[in-house]
Structure formats: C-alpha cells, structure tokens
Amino acid sequence: MLDNLSDKLQSIFSGLRSKGKLNEDDINSAMKEIRMALLEADVNFKVVKSFIKNTKERCLDAEVLDSLTPAQNVIKVVLDELTKLLGESDSQLVLSSRIPNVIMLVGLQGSGKTTAAAKLAYLLKKQNHNPLLVACDVYRPAAAAQLQTLGDEIGVRVYRGDGKDPVKIAQEGVRDAVDSLRDVVIVDTAGRLHVDEEMMAEAAAIRDAVEPDQILMVVDAMTGQDVVNVASAFAEQVDFDGVIMSKMDGDARGGGALSIKQVTGKPIKFISMGEKPDSLEEFHPDRMAKRILGMGDVISLIETASQIRAEEIEQEEAERMMRADLNLNDFLTINKQVRKIGGIQKLVSALPGGDKALKDGQVNENALDEMEVIINSMTKEEREKPSVLNLSLIHISEPTRH
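Residues numbered from 1 in each chain as written. Predicted model: local features only at pLDDT ≥ 70, side-chain atom pairs only at ≥ 80, totals over all residues. Heavy atoms only, no water.

A. Summary view of the environment of Met200. With respect to the helices and strands, the residue Met200 is situated in helix α9 (residues 197-210). Along the chain, Met200 and Phe234 lie 34 residues apart, while their C-alpha atoms are 7.6 Å from each other. With residues near it in sequence (within four places) discarded, Met200 still touches Val195, Ala233, Phe234, Gln237 and Val238. (Helix = DSSP H or I, 4+ residues; strand = E, 2+ residues; numbered from the N terminus. Contact = heavy atoms within 4.5 Å.)

B. Inspection of the packing of helix α5 (residues 70-86) against helix α11 (residues 255-264) at higher detail. Viewed as axis vectors pointing N to C, α5 and α11 meet at an angle of 70 degrees, and their least axial separation amounts to 7 Å. In terms of their interaxial angle, α5 and α11 are classed as roughly perpendicular. Here Leu82, Lys84, Leu85 and Leu86 of α5 come into contact with α11, specifically with Ala257, Leu258, Lys261 and Gln262. Here the residues of the contact of α5 with α11 sort into five nonpolar, one polar and two charged. (Axes fitted to C-alpha atoms, helices over the stretch in contact; angles between N-to-C directions. Parallel < 35°, antiparallel > 145°, perpendicular 65-115°, else oblique. Nonpolar A, V, L, I, M, F, W, Y, C, P; charged D, E, K, R; others polar.)

C. Seen up close, helix α12 (residues 285-292). Within α12, burial applies to Pro285, Arg287, Met288, Ala289 and Ile292. The positive-phi residue at the C-terminal boundary of α12 is Gly294, with phi of around 80 degrees. (Buried < 20%, exposed > 50% of the residue type's maximum accessible area, 1.4 Å probe, protein only.)

D. Local environment of the sheet that holds strand β6 (residues 242-246). Here eight strands make up an open sheet; going across it, the order is β3-β2-β4-β1-β5-β6-β7-β8 and the pairing mixed. Strand pairing shows two members of the sheet lacking a second neighbour, β3 (158-159) and β8 (280-282), which therefore form its edges. Its contacts with the sheet put helix α10 (residues 226-237) on β1 (101-106) and β5 (214-220), and the angle it makes with β5 is roughly 160 degrees. Set on the sheet, α11 makes contact with β5, β6 and β7 (268-272); between it and β6 the angle comes to about 175 degrees. (Pairing = 2+ DSSP bridges.)

E. A look at the packing of α5 against α12. Across the interface, α5 lies against α12 with an axial gap of 8 Å and an inter-helix angle of 130 degrees. The orientation of α5 relative to α12 falls into the category oblique. The two elements α5 and α12 meet at a crossing, and its hand is right-handed. Across the interface between the two elements, Leu79, Leu82, Thr83 and Leu86 from α5 touch Pro285, Asp286, Met288, Ala289, Lys290 and Ile292 from α12. Across the contact of α5 with α12, the residue classes tally to seven nonpolar, one polar and two charged. (Left-handed = near helix turned anticlockwise from the far one by under 90°.)

What follows is the structure, given as structure tokens:
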C-alpha cells in the first residue's frame, strides 16, 4: 500500500547520498519533495505540515550538516520522525485480570470488522487463550452466518443468540463465555455505511451493557485520510482504545495509516495484510517506518519463523543440517517452512531492498514450487542421494522434424 511513498522517499535519499556535503538549500529541496510525496500518499495536510517542520528543524542542526555522512543523518532524522508519526512506541493489546476479558469491535460497514474479529480470535487462540466470538450485527444480511463460517474455519465458538436486540445478545454472549469457561469475548457490532447517531447510540449502549476492557475500531486503510474523520467521530462519541487497520495489502495510497495516530491520539494496535486468518499482525511503528524507507523488517521475519515448532525438524535432519549434509528431502522441509512464514515473497520483502527486488521481477515465487514438483517425481534414492543423478538418467526427446 505504501510502496509509492517508499519509492519516492528512497529516490530522494539517493539524491542526497550522491552529495558529499549538504547545505540549507539541499535540505529545503529535500523537504519540499518529501512534503509532496506525503501529500500524494493522502496523508492529512496538518500532519504533513507538522512532520516537515519538525524534520527540517532537526536536519538543519549543525551536527547533521557538518558531519562526515550528512545524508545518513538526514535519513536517521526522517526515520525518527516517521516512527513518531506512526506512534513512536508499540501499543500492544494488554488483557486485564478480569475473566472473561471483553473486546468490542466498532467501525463502519465494509471496513472488514467481522473478518477482523475472526482474525483477532485466531491470534489470541495461538497465544493460548480460549476466545468466544459474539455476533451482534443483526442488520446486515448473513452477518452472523459469515462470523459463524469464519469461527468454524479457525475452531472458535460463535454465540449468535436468537433475538434481534444486539445489546441483549452481547450480554448473553458474555454470560455464555462465563458458563463455558472462555477467557476472552470478542463482540462484533453492527456497522453503517456512514457515521450516524443511531449507530453511535447502539455502540454506546453495548459498551455500557458489557463494559468492555478494550474497544478497538476497525478502519479500512483503502479509504485514505477520510478514515481520520470517521475515527475522530467515534473517538468523540463512543471512544476507543486503539485501531485495527484492515486491507493494508491493498493498492491505495495509505495516508490514513500515517495520519490516524497524530489526529486522533489513538494508536494502531494491529494491521491486516491479507485475507487468511493468520494475516493479522501486531503493529510496530519503528518496523513500519523502516519498511517505508526500504530498510526491511528482519525482526518480524525472525519472530514469524520462530513460531514454527522446533520438533517439526527431526533430530537426524537437524544433525545433517549441522554437518551441511543436506539432501533433497531437506529442501522439501525447508520449502514447507518458508511457505508457513508467508512464502518467498514475504521472506524477500522483509530484507533491505527486498520490496524493490520483488517489484522489478527479480523473484520468481513459483520457482520453488516447480522444483518441489520435480523432486517429488524422483525416486527415494535420488532424493536421499542427489549424487546419483546424472545426465545419463535424463532422456531428452528430439523435437519432431517435418
């Protein structure tokens, strides 16, 4: 989503690096280009104005201009200010000692709220919690059925109730969680196509009835900085603790993600980068800032890889890997693990400059799958001892001549 902004910022920094020394005119020119890049990315103009002011002041400091690597120092300043713009520090979901914890989701219709509820339940389940989903959207056709389908897919129970009163359903859902020993309740509320008093009143009534520990607003990143206006309205009338930014894998300009924290004061807690249940990620402002500046996100990659159970690698395979005595069966195992962390594209994109490599077509994600097909067609001996393979075993038919 932020690829265009990332490309423009990296181009600006490339120009700065080509100069051995920077002066005030160089800084002013760079700030003007950065301002245009942010505005084109649909970042709120007030946010852009404040960002450029703070960044320019720091870049014009004598320590930056007189240093041996002024361009690198400018990039460091932009990284710091961009991190501050996105939230400066992590704002993780913290559950209280109350059992069950109640998490209420609010937002407009079409923002991805129901899907986000299921993804959050899946994430909490992986963290050894026992969540319950409560379907309180009694207006949108098949909303409860959609949540039920998603719940069945991830193995999480869904409470639907049998009435038409969303407040009552929410209360019954919490009681059901107590009876069934669930430690987290996720309440999926109804949305509207736009902010209106009826929706706000209903959300406030559910909030007062179940007294949630956390209220999270689901916003569609595809709507750009318009999402800031929606979030501000919710913050004034219902209040919420944080944001789930959905559809971050889309191709919109993504300015809302860069604006929402500064305008509303509410942190982004999660971002959704796909449709699969495991595509909800905790949001880390510093890592997102580094990715925007083309510095990669190796830490998140390591965290994802560490979730793969060590016992999947048998002792014998581990010893062979230590001796660098790998065979083609090991390749299949490694390819399976790469697929689990999101595939070769996610692996490459987490590396510095990886996004550019993907965009330039330097990475063929299908190549590993094609290799796997070839290996699976081999005999057991060939997979375990690749040295037996030679050209004499391969029959290449001559093309038919006419």
